[in-house]
Amino acid sequence: MSGSDTARALKALVKALRADGIFVLEHAPFGARTTYRVGGVAAAGVELASVEQLEHLGSALVELEHAPPCFVLGRGSNVLVADAGFPGLLITLGAGFSWLREEDAVVELGGGSPLPVMARRTASLGLAGFTWAVGVPGSVGGAVRMNAGGHGHGMEERLEAAMLIDLVGGAPPSWRRAEELELGYRTSSVSATQVVVAARLRLEPADPKVLGAEIDEIVAWRRAHQPGGQNAGSVFVNPVDVPAALLIEQCGLKGFRFGSASVSSKHANFIQAQPGGSADDVYHLMQAVRDRVREQTGVELRTEVRLVGFDTMEV
């Protein structure tokens, strides 16, 4: 759609949502809600409180002749928003989507639940298999969609099923078995219009004290080996044979800077954004790193960061 068509479609959607009693914020913060903390705003944004409101949103989208672009944001730990912002609707899940239910070591987590919080809660319940998530500053829904992982473990090991709602499909939420989600390395078949309402994990009984020690060890390791500040974690997917960080470091790019963005001197697969800096600088630095690595090693790096509002969605 053209810019004017998008604006008209968004205006119609906002009107429909407000008629359903859903609060819509215009010029909603977007880049500021990511862990990069740079980038522009969304033309409009909603924070949904319930599955019923999600269904209202889906119905409103289906009824439109042309739907505006929508983006479902978890905790923003794997997203870069262009300085120009996003011309569509930003969708976030409110506190009503954060919960933990457990029965016989099977845990159901709300899609909006923060991973570090749920890692600590499952450990305190004496349930093993999710401690790795304490170091991933994302949401359960985002972890399902990206098949998140860390420290040699990931969602695919414990995920039994996920409850999805397709905002443009017109169907109610339904459970999908993990095998149906085509989980791969930092990928799945969950689409941009599907929202993860909940995830079901099968964990194992264990000593809470042992699990607490594992949590502490993971936190200490990450503090020692990974930078803090404004970043989105690992920028590039690790190739099969060699870590992306090693390739970047071998190309002499540790500390390399483009404007207000720089390759971390602590971990070469992290790109740091400067406070008050530019998301476009981060994007151009990602391109420069990818190009240098390809030229010097022949390896084509692929980003795992979701890029929003840029002319190309590829880096």
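See above for the structure.
In this report, the structure presented in the accompanying data block is examined. What you see is a predicted model; the values in this text were computed from it and never measured. (Residues numbered from 1 in each chain as written. Predicted model: local features only at pLDDT ≥ 70, side-chain atom pairs only at ≥ 80, totals over all residues. Heavy atoms only, no water.)

**A closer look at the sheet that holds strand β2 (residues 41-48)**
- On the basis of which strands lie adjacent, the open sheet formed by four strands has the order β1-β2-β5-β3 and mixed pairing. Each end of this open sheet is capped by a strand with a single partner; those strands are β1 (25-29) and β3 (70-73). The sheet shows a mean angle of 45° between the axes of neighbouring strands, taken without regard to direction.
- With six bridges joining them, β2 and strand β5 (residues 86-93) adopt parallel strand pairing. Across the sheet, residue Ala44 finds its bridge partner in β5, namely Leu89.
- Against the sheet, helix α1 (residues 3-19) engages β1, β2 and β5, with an angle of about 30° to β5. (Pairing = 2+ DSSP bridges. Helix = DSSP H or I, 4+ residues; strand = E, 2+ residues; numbered from the N terminus. Axes fitted to C-alpha atoms, helices over the stretch in contact; angles between N-to-C directions. Contact = heavy atoms within 4.5 Å.)

**Quick look at the side chain of His267**
- Examined against the element boundaries, His267 turns out to sit in the loop between β16 (261-263) and β17 (271-273).
- For His267, a relative accessible area of 18% gives the class buried.
- Those residues in contact with His267 that lie beyond four places of it in its chain are His225, Gln226, Pro227, Ala245 and Lys254. (Buried < 20%, exposed > 50% of the residue type's maximum accessible area, 1.4 Å probe, protein only.)

**Points about the environment of Ala19**
- With respect to the helices, strands and loops of the structure, Ala19 is situated in helix α1.
- Taking relative accessible area as the criterion, Ala19 reaches 67% and is therefore assigned exposed.

**Regarding helix α2 (residues 51-63)**
- The end-to-end C-alpha distance of α2 is 18 Å, a good match for the 18 Å that 13 residues give at a rise of 1.5 Å each.
- Taken as a whole, α2 has its buried residues at Gln53, Leu54, Leu57, Gly58, Ala60 and Leu61. Buried residues of α2 fall within an arc of 160° about the axis and therefore sit on the same side. What points out from α2, more than 90 degrees from its buried face, is the exposed set Glu52 and Glu63.
- Where the residues of α2 are buried, they touch α1, β2, β3, β5, β11 (159-166) and β13 (194-202). (Expected span 1.5 Å × (residues − 1). Arc of directions from axis to C-beta.)

**Describing the sheet that holds strand β6 (residues 100-103)**
- One open sheet accounts for five strands, arranged β6-β7-β13-β11-β12; its pairing is antiparallel. Only two strands of the sheet have a single partner each, and these edge strands are β6 and β12 (174-177). Strand after strand, the sheet turns through a mean of 25° between neighbouring axes, direction not considered.
- Summarising the sheet, strand β7 (residues 106-110) and β13 pair through five bridges and their orientation is antiparallel. In the strand pairing of β13, Val107 is matched with Leu201.

**Re the pattern of salt bridges**
- Using the criterion set out here, one finds twelve salt bridges in the structure.
- With a shortest N-O distance of 2.7 Å, Arg202 and Glu160 are connected by a salt bridge. One end of the pair, Arg202, is in strand β13; the other, Glu160, is in strand β11, and 42 residues separate them in sequence.
- The class for Glu160 is partly exposed, based on a relative accessible area of 29%.
- Linked by salt bridges that have partners in common, Arg176, Arg177, Glu179 and Glu180 make up one network. (Salt bridge = Lys/Arg side-chain N within 4 Å of Asp/Glu carboxyl O.)

**A look at the packing of helix α3 (residues 115-124) against helix α6 (residues 208-225)**
- Running from N to C, α3 and α6 point in directions that differ by 155°, and their axes come no closer than 8 Å. Relative to α6, the element α3 lies roughly antiparallel. Note on element contacts: α6 touches α3 through Pro208, Leu211, Ile215 and Val219, opposite Ala119, Arg120, Ala123 and Ser124.
- Here the residues of the contact of α3 with α6 sort into six nonpolar, one polar and one charged. (Parallel < 35°, antiparallel > 145°, perpendicular 65-115°, else oblique. Nonpolar A, V, L, I, M, F, W, Y, C, P; charged D, E, K, R; others polar.)

**Describing the packing of α1 against α2**
- Two numbers describe how α1 lies on α2: the axes approach to 10 Å, and their chain directions differ by 140°. Judged by the angle between their axes, α1 and α2 are oblique. In this structure, α1 crosses over α2, and the sense of that crossing is right-handed. Residues Leu13, Ala16 and Leu17 of α1 form the contact with α2, whose own contacting residues are Leu57, Ala60 and Leu61.
- Classifying every residue of the contact of α1 with α2 by side-chain character gives six nonpolar, no polar and no charged. (Left-handed = near helix turned anticlockwise from the far one by under 90°.)

**Digging into unusual backbone geometry**
- Of note, the phi angle at His27 is positive, near 55°, even though the residue is not glycine.
- For Asn147, which is not glycine, the phi dihedral falls at a positive 45°.
- Asn147 sits in the buried class, given a relative accessible area of 2%.

That's the geometry; what it means functionally is another story.
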